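Here are the chains, one letter per residue:
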Amino acid sequence: MTSEKSSVLTEPSARGVGGRSSSADGLIAMAARAAYVLRGNSGEGMTRAAPDLYPHQWSWDAAFVAVGLAHLDVGRACTEIDGLFAGQWRTGMIPHIVFDPDESSYFPGPDRWACSTFSADAPAAPQTSGICQPPVHALAVERILSIAERRGGDAAEAAAGWLPGAYRRLLQWHRYLATHRDPDGEGLLTIYHGWESGMDNSPRWDAVYAGVSVGDSLPPYQRRDIAVVTDASQRPSQSEYDRYLWIVEELKRAGYEDSRIRSSASFLSTDVFMSAIFAAANEALARLAVRVGASEGDELQGYAARFRKGVADSVDEGTGLATDRNLRTGESTPVETVAGFAPLLCGGLDDQAESRLLALLESDRWTGHPDLSHCVLPSTSPESADFRPRTYWRGPSWPVVNWLFAWTLHHRGQVGAAGRIRAAALAELGDGALAEYYEPVTAEPLGSFDQSWTAAAALDLLLSPDWAGRPVATTHGSPERRPGSGKPPSLTEDLSP
Ligand code: 2M8
C-alpha cells in the first residue's frame, strides 16, 4: 500500500508539537532534536528510558537506545549495553530494569523488588528488578557494529575491540532463556509477568491476568506513573496495577528462582513476540560468533531454528495471527494485537503463509485501516473489540515497534513493506514530540514525551546506512529483493515507499 498519508514528503501541513516535518530540512531538524533528547536523558553511563516517567535503564529500551547512540558516538553506544551487563544475574538473565542509585522517583523501585535479599543470583550492585524483557540485544549489537564499520577508523576499532566481551555476555543471556524459559524445548519462551513482554497491559494478557487473585498481604503502595501521565485513562488501571504488584510478591516468595516460579506463579504464559525476537537474535548472535571466532555458532543456529518453528506453529487459523498460550489453563485466546505478526520478525512460515501474513499487515484491519492518520502499526487492530486508541498497549502505535518491524522486515528482504512502515513511522514522528506512543487515528502524541527509544528510532530510521544497503539473504520465507546501492541513505529518496 502506498498511500500518500504515509509519506513524510507529502505531509501537507504543520501541526502538533513543533509542526510536521515535510522536507529534508524538517527531517534534519528531527534528527538533531532526537540527538538532543538522547543527550538530555543521559545519566552516568546509562540513558533514562524517559526523563520523568522512567528514570532508570530499561533492558530493551537500552538496546534500542544504543543503536540510536551509535549514530552519534559508537563508544557511548557500547557503554549503554555495558550498563545492562553490569546488572546481569548469575543465571545469565539480563534484568528488565537496572536502577540508578541516585533516583528514587519510580515505583516499584529497588526496595520493592528486593532482589539480592531474595536471590543469591541477583547482583547487590547495581540493584535490578527480578524479571526480564524481550532479548533484542544481539540484534542491537549487530546493528551497532554495522554502523561502526560504515564509519570506519576509531569507531570501527572501538566496536571490534568491545565485541568479544559483549558476545560472551549475550551468550550467557541466550543460554539462560533457552534453558530456563523453555525447559521443554518447545521453541516458545515463558514469561512470568506481563511486564516481561514489554507490552504491559496488552489484551494479550487479559485472560492470564484474570487468573491472578490479589492476596490480602499485598503491601500498600503509591503509584507514581499517574502523577506523570495525569490522564490516567492512558495508563493501566488500578486493578491491573494491583495484579502487577501482587506478582512481584509471588516472585519474591519463590526466591526469583525459575523452577519454583514455574510451579507456583499465578501468571505463566508463552510469549510469541518475545520468542520471535529470540529466534532472530540467535541468528544475529550466530553471525557475531563467526566474527569473534567463537565455537557456539551451531548451538545458536539450533536455538534460532527451534524458536522459529515454535513461533510458526503458534499461528491461529481464525485470525491468521500468532498467539500466546496461557500455561496455567493451556488455552490460547486469539486476540488481534501487533504481537500476532511475530513470524514476520523471524521467518519460519512457508512462502504462501508469509505472503498472507504480510498482506494482512497491510490490509484495512491494520496499517491500511482507513481511519489511521499514518500507515503505522497500531498495538491492537482498530477492528478489534479490544481496541482502545489512547490506552497504552491496547491501541496506540509505538514508534519503537514500527521501527523494529521495518528493521527486521528490511533485514529479511521484505524491502517494500519495510520502506512503507519506515516512511509512515517517520511521518508520525514529524510532530517533534518524540512521544512514547501515538493515538493512531488522530496522531496525538501520548504518554511520556522525549522518550529515549523513540528518539533512537527517529535517528536510526533517518540515518542508518542499512536502509540503503542490500538486505541479508535469508532462507526463511521468500523475500522481495532489490540490489543494494551501497550508498548512505538520502533523507529524501529513501523515504519513498
Ligand atoms: C513500560 O513498562 C514499565 C514497566 O516495565 C512501566 O509501565 O512502568 C513498557 O512500555 C515497557 O515496554 C518499557 O520498556 C518501559 C520503559 O519504557 O515502560
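Look a little higher up for the structure.
For the structure given in this document, a descriptive report is provided here. Note that the structure is predicted; figures quoted are calculated from it, not measured.

Rules behind the numbers
Residues numbered from 1 in each chain as written. Predicted model: local features only at pLDDT ≥ 70, side-chain atom pairs only at ≥ 80, totals over all residues. Heavy atoms only, no water. Helix = DSSP H or I, 4+ residues; strand = E, 2+ residues; numbered from the N terminus. Buried < 20%, exposed > 50% of the residue type's maximum accessible area, 1.4 Å probe, protein only. Contact = heavy atoms within 4.5 Å. Areas by Shrake-Rupley, 256 points an atom, 1.4 Å probe, with all protein chains shown as cover. Near = heavy atom within 4 Å. Polar contact = N/O pair within 3.5 Å; in protein donor to acceptor, adjacent residues only side chain to side chain. 1 Å grid on protein atoms, 1.4 Å probe; cavity = no way out; pocket = protein on both sides within 12 Å on 5 of 7 lines; lining within 4 Å. Sits in = over half its atoms within 2 Å of the grid points. Nonpolar A, V, L, I, M, F, W, Y, C, P; charged D, E, K, R; others polar. Core = buried A, V, L, I, M, F, W, Y, C linked by side-chain atoms within 4.5 Å. Points joined across faces, edges and corners; volume = space filled by probe spheres on them. Salt bridge = Lys/Arg side-chain N within 4 Å of Asp/Glu carboxyl O.

Take the overall build of the protein chain next. Across its full length, the protein chain carries 19 helices and six strands. Here the protein chain holds 497 residues, and the buried ones make up 63% of them. Long-range contacts, defined as pairs at least 24 residues apart, comprise 72% of the intrachain contacts of the protein chain with a sequence gap of at least 6. When the accessible surface of the protein chain is summed, it comes to about 17,200 Å², and 49% of that surface belongs to carbon and sulfur atoms.

Neighbouring residues of the ligand: 16 residues in total, closest Asp61, Tyr106, Gly198, Asp200 and Tyr392. Between an oxygen atom of the ligand and a side-chain N or O atom of His96, the distance comes to 2.9 Å. Contacts to the ligand include Gln133, whose side-chain N or O atom sits 3.0 Å from an oxygen atom. If the ligand stood free it would expose 410 Å²; the protein chains cover 99% of that surface. Among the cavities detected, the one that contains the ligand is the largest cavity. In the shell around the ligand, the residues fall into nine nonpolar, four polar and three charged.

Within the secondary structure, Val74 is located in helix H3 (residues 74-86). Residue Val74 is classed as buried on the basis of its relative accessible area, which comes to 3%. When the C-alpha atoms of Val74 and Ile144 are compared, they prove to be 7.3 Å apart, with 70 residues separating the residues in sequence. Look past the residues within four positions of Val74 in its chain and what remains in contact with it is Leu69, Ala148, Arg151, Ala155 and Ala159.

With that settled, consider the nonpolar core. Core analysis: the biggest nonpolar cluster contains 153 residues, and Phe64, Phe273, Phe341, Trp403 and Phe405 have the highest contact counts within it. Ranked by residue count, the leading element in this core is helix H13 (residues 272-292), at 14 residues. Setting aside anything within four residues of it in sequence, one finds Phe341 in contact with Leu321, Leu357, Leu360, Leu361, Trp366, Leu377 and Phe405.

When its volume is computed, the second largest pocket comes out at roughly 290 Å³. The wall of the second largest pocket is formed by 17 residues, among which Val98, Phe99, Asp100, Pro101 and Pro126 lie closest to the centre. Along the lines of polarity and charge, the residues of the lining of the second largest pocket split into eight nonpolar, five polar and four charged.

Overall, the coordinates contain 29 salt bridges when judged by the stated rule. Between Asp121 and Arg90 there is a salt bridge, with its nearest N and O atoms 3.1 Å apart. On the criterion of sequence distance, the pair formed by Asp121 in the loop between helix H5 (115-118) and helix H6 (137-151) and Arg90 in the loop between H3 and strand E2 (97-98) is long-range, its members being 31 residues apart. For Asp121, a relative accessible area of 24% gives the class partly exposed. For the salt bridge of Arg168 with Glu296, the shortest nitrogen-to-oxygen distance reads 3.3 Å. With Arg168 in helix H7 (residues 153-180) and Glu296 in the loop between H13 and helix H14 (297-312), this residue pair connects regions lying 128 residues apart in the sequence. Here Glu296 falls in the buried class, since its relative accessible area comes to 10%. Shared partners join several salt bridges into a network, and the residues in it are Glu142, Glu283, Arg287 and Arg308.

Counting through the fold element by element, Ser119 comes out in the loop between H5 and H6. The residues touching Ser119, leaving out its near neighbours within four places in the chain, are Trp89, Gly255 and Tyr256.

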